[in-house]
Amino acid sequence: MQARLLYVMDPMCSWCWGFAPVLEALAEQAAADGVGLELVVGGLRRDGVAVDAAGRVRYLGYWQAVNAATGQLFNFDKGIPEGFVYDTEPACRAIVTARSLAPELVWPLTRLIQQGFYTQGLDVSRASVLVELAEKAGIPRIEFAQAFDSQAQRDATQADFEWAKGLGIAGFPTLLAEHNGQLALVTNGYQPLESLQPLLTRWLDRARNG
């Protein structure tokens, strides 16, 4: 069947980090039916403003809420240092670049970016850090670095942002299911696996028989 899951996310969105284990389980469920997963990046923050002390408290408050709701781990000591410029475009572009070079490594790289940012305190807005993570995921360093810095990948990243905006998607994570060109919303925002698994099961059944 002509079907796929479309995961609209941002690797520097804390709720997307919280949703990661749920997404992996849903993707595994869909894969058993031959339905693949594709990532679309949404561009959470692109204002280029340095985080001040009050901003750091606010962001860490978001992290604490995600931790409480999902159990995902965060490094509250190293996370979001004062002066950090919270620009998610480079991390999003890294995912888009991986998608063009090695589609099978998109999710492994996404997980490394998320883990680096949330649990290791890495500045994943820096190209050098993203190149290191891409190499760790299995993408040749030079090939990734050249593509990452290209205008083509900048344009492709912007196209993802515009696609999500055009659908009216303003919040992440958002999971869509597409069958024969028709999109269905699985979730907009975090929901636990036990809530989403039955929804996906019903959609897979309809797609299989439709």
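Before any of the text, the structure's been laid out above.
Being a predicted model, the structure only gives us computed values, none of them experimental.

A. Representation of the nonpolar core in the model. With 67 residues, the main nonpolar core has Y7, Y86, L109, I113, F117 and W203 as its most contacted residues. When residues of this core are assigned to their parent elements, the largest contribution, eight residues, is made by helix α1 (residues 14-31). If we ignore the near neighbours within four places in the chain, the residues touching I113 are P11, A91, A94, I95, V124, L130 and L133.

B. View of the pattern of salt bridges. All told, the structure shown has 10 salt bridges when counted by the stated rule. For R93, the salt bridge is made with E89, and the minimal N-O distance between the two is 2.9 Å. Of this pair, R93 and E89 both sit in helix α3 (residues 89-101), separated by four residues, roughly a single helical turn. A salt bridge links R141 to E135; its shortest N-O distance comes to 3.0 Å. Given the relative accessible area of 38%, E135 is considered partly exposed.

C. Just the sheet that holds strand β1 (residues 3-9), in detail. Overall, mixed pairing links the four strands, which are arranged β2-β1-β3-β4 in an open sheet. Only two strands of the sheet have a single partner each, and these edge strands are β2 (36-41) and β4 (182-188). Geometrically, the sheet is characterised by an average inter-axis angle of 25° between neighbouring strands, direction not taken into account. In this sheet, β4 lies alongside strand β3 (residues 174-179) in antiparallel orientation, the contact comprising six bridges. If you follow L175 over to β4, its bridge partner there is T187. Packing against the sheet, α1 makes contact with β1, β2, β3 and β4, and its axis sits at approximately 175° to β1. Together, β1 and β2 form the strand contacts of α3, whose direction differs from that of β2 by roughly 140°.

D. Looking closely at helix α2 (residues 53-70). Between its first and last C-alpha, α2 extends 26 Å over 18 residues, near the 26 Å set by a 1.5 Å rise per residue. Listed as buried for α2 are G55, Y59, L60, W63 and V66. Looking down the long axis of α2, one finds its buried residues gathered within 125° of arc, a one-sided arrangement. Along α2, exposed side chains directed more than 90 degrees from the buried face belong to A54, V57 and A68. In this fold, the buried residues of α2 make contact with α1 and α4 (106-119). With a side-chain oxygen lying 3.3 Å from the backbone nitrogen of A54, the N-terminal cap of α2 falls on D52. One or two residues past the end of α2 sits G71, with phi positive at roughly 85°.

Definitions and cut-offs
- Residues numbered from 1 in each chain as written.
- Predicted model: local features only at pLDDT ≥ 70, side-chain atom pairs only at ≥ 80, totals over all residues.
- Heavy atoms only, no water.
- Core = buried A, V, L, I, M, F, W, Y, C linked by side-chain atoms within 4.5 Å.
- Buried < 20%, exposed > 50% of the residue type's maximum accessible area, 1.4 Å probe, protein only.
- Helix = DSSP H or I, 4+ residues; strand = E, 2+ residues; numbered from the N terminus.
- Contact = heavy atoms within 4.5 Å.
- Salt bridge = Lys/Arg side-chain N within 4 Å of Asp/Glu carboxyl O.
- Pairing = 2+ DSSP bridges.
- Axes fitted to C-alpha atoms, helices over the stretch in contact; angles between N-to-C directions.
- Expected span 1.5 Å × (residues − 1).
- Arc of directions from axis to C-beta.
- Polar contact = N/O pair within 3.5 Å; in protein donor to acceptor, adjacent residues only side chain to side chain.

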